[in-house]
Amino acid sequence: MTADIDKTTGPADVPPAGPEAIKAVPVRHYGRYVTAVVALALLVGVVYAFSQGKINWGTIPDYFFDDRILSGLGKTLLLTLLAMAIGIVGGILLAVMRLSKNPVTSSIAWFYIWFFRGTPVLVQLIVWFNLGLVFEYINLGPFYKDEWSDFMTPFLTALLGLGLNEAAYMAEICRAGLLAVDEGQTEASHALGMSHTKTLRRIVIPQAMRVIVPPTGNEVINMLKTTSLVSVVQYPELLRAAQDIGQTSGAPAEMLFLAAAWYLLVTSLFSVGQYYIERHYAKGTTRQLPPTPWQKVKASTFSFGRPKGGTA
């Protein structure tokens, strides 16, 4: 007589069935598709509108590497670097003066920042350029004496107008970075016998760079674009060169597009440099540095074809 088999549990040699695998269903993001379609439609509309305009696109590559354009680009880059150097050095000095316990130096720094941040940089450029109407000569005693019109050249006007204005903004950026460092760092360095200047140079400023670098990179890019304002004081930078070529070639709009293309190219290169500088100063603040664009490309390239993880 055969033994009865328990119908509820099944045969002893057959294990019970496990839980059913979960089938993951991706979330539908319909808003993304709608946004992409709208953005693509707008892009097509803009391209079509410009294609129907009276624009001679062939003149842009013809003048893209023109000697006058490259000369103006070089002057733009030189002016950007020199004005930022004045702004950074002046900003650090003003930030230290602003944080000083001496009320005189603190008040001087506050007034400087208030004045240059409160007036447009274009107005400052025009004022520097027209000071010859107020002062006929510049007299520095035994060191230098000349007519103001010969002394205040377009380059010097542009450099002073941009550099002194930038110092006011860099002062606030540097002040924010210095205040971001914990006061205990300063107290500890003073307890070790370090002077105030040595504490700033070796303890405070290196730690404040993490806060100072990102907005400073933005200021460099902004300075590159702001140099276009100095065309009003007859300085032959990139925009001025493009406008001159546009008047002589009969293609003023095309030359403006050419200048815009050069600005976009240079600012893109500056943005890449800013990214790597920020990444360098982020060491020690995060456990793992963010991947570089090249690392992202390699990761996405070599991840093709790899099996994805199984479902839970």
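Below you will find a few notes about this structure.

Rules used throughout
Residues numbered from 1 in each chain as written. Predicted model: local features only at pLDDT ≥ 70, side-chain atom pairs only at ≥ 80, totals over all residues. Heavy atoms only, no water. Core = buried A, V, L, I, M, F, W, Y, C linked by side-chain atoms within 4.5 Å. Buried < 20%, exposed > 50% of the residue type's maximum accessible area, 1.4 Å probe, protein only. Helix = DSSP H or I, 4+ residues; strand = E, 2+ residues; numbered from the N terminus. Contact = heavy atoms within 4.5 Å. 1 Å grid on protein atoms, 1.4 Å probe; cavity = no way out; pocket = protein on both sides within 12 Å on 5 of 7 lines; lining within 4 Å. Points joined across faces, edges and corners; volume = space filled by probe spheres on them. Nonpolar A, V, L, I, M, F, W, Y, C, P; charged D, E, K, R; others polar. Axes fitted to C-alpha atoms, helices over the stretch in contact; angles between N-to-C directions. Parallel < 35°, antiparallel > 145°, perpendicular 65-115°, else oblique. Left-handed = near helix turned anticlockwise from the far one by under 90°.

**Observations regarding the nonpolar core**
Part 1: Ranked by size, the top nonpolar core spans 22 residues in total, and within it Leu79, Leu162, Leu178 and Val230 carry the most contacts.
Part 2: Mapped onto this core, the elements with two or more residues apiece are α3 (67-98), α5 (121-129), α7 (154-179) and α9 (196-226).
Part 3: If you tally residues by element for this core, the top one is α7, at 7 residues.
Part 4: With sequence-adjacent residues up to four places away left out, Val230 is seen in contact with Leu79, Leu125, Ala158, Leu162, Tyr235 and Glu237.
Part 5: Core analysis: the next-biggest nonpolar cluster, separate from the first, contains 15 residues, Ile69, Leu73, Leu224 and Tyr263 among them.

**Section: the layout of surface pockets**
Part 1: For the largest pocket, the calculated volume is near 530 Å³.
Part 2: What lines the largest pocket is a set of 16 residues, and nearest its centre among them are Leu99, Leu179, Thr186, His196 and Leu200.
Part 3: For the lining of the largest pocket, the elements supplying multiple residues, two or more each, are α7, α8 (183-191) and α9.
Part 4: Broken down by class, the residue content of the lining of the largest pocket amounts to 7 nonpolar, 5 polar and 4 charged.
Part 5: Taken as a whole, the second largest pocket spans an internal volume of roughly 440 Å³.
Part 6: Lining the second largest pocket we find 22 residues, and of these Ile88, Val213, Thr216, Gly217 and Val220 sit closest to its centre.
Part 7: Where the lining of the second largest pocket is concerned, the elements lending two or more residues are α3, α7, α9 and α11 (252-281).
Part 8: Counting residues per element, the lining of the second largest pocket draws most heavily on α9, at 8 residues.

**Remarks on the packing of α3 against α11**
Part 1: The geometry of α3 relative to α11 is characterised by a closest axis approach of 12 Å and an angle of 40° between their N-to-C directions. Compared by their axis directions, α3 and α11 come out oblique. Judged by the sense of rotation from one axis to the other, the crossing of α3 with α11 is right-handed. Across the interface between the two elements, Ile69, Leu70, Leu73, Thr76 and Leu77 of α3 pack against Leu258, Trp262, Tyr263, Val266 and Phe270 of α11.

**As for the packing of helix α4 (residues 103-118) against α7**
Relative placement of two packed helices is described by the angle separating their axes and the distance separating the axes.
Part 1: Contact geometry for α4 and α7: axes closest at 9 Å, N-to-C directions at 120°. When the axes of α4 and α7 are compared, the pair comes out oblique. Crossing geometry of α4 relative to α7 is assigned as left-handed. Across the interface between the two elements, Tyr112, Ile113, Phe116 and Arg117 from α4 touch Leu164, Asn165, Ala167, Ala168, Tyr169, Ala171 and Glu172 from α7.
Part 2: Among the residues forming the contact of α4 with α7, the class breakdown is 8 nonpolar, 1 polar and 2 charged.

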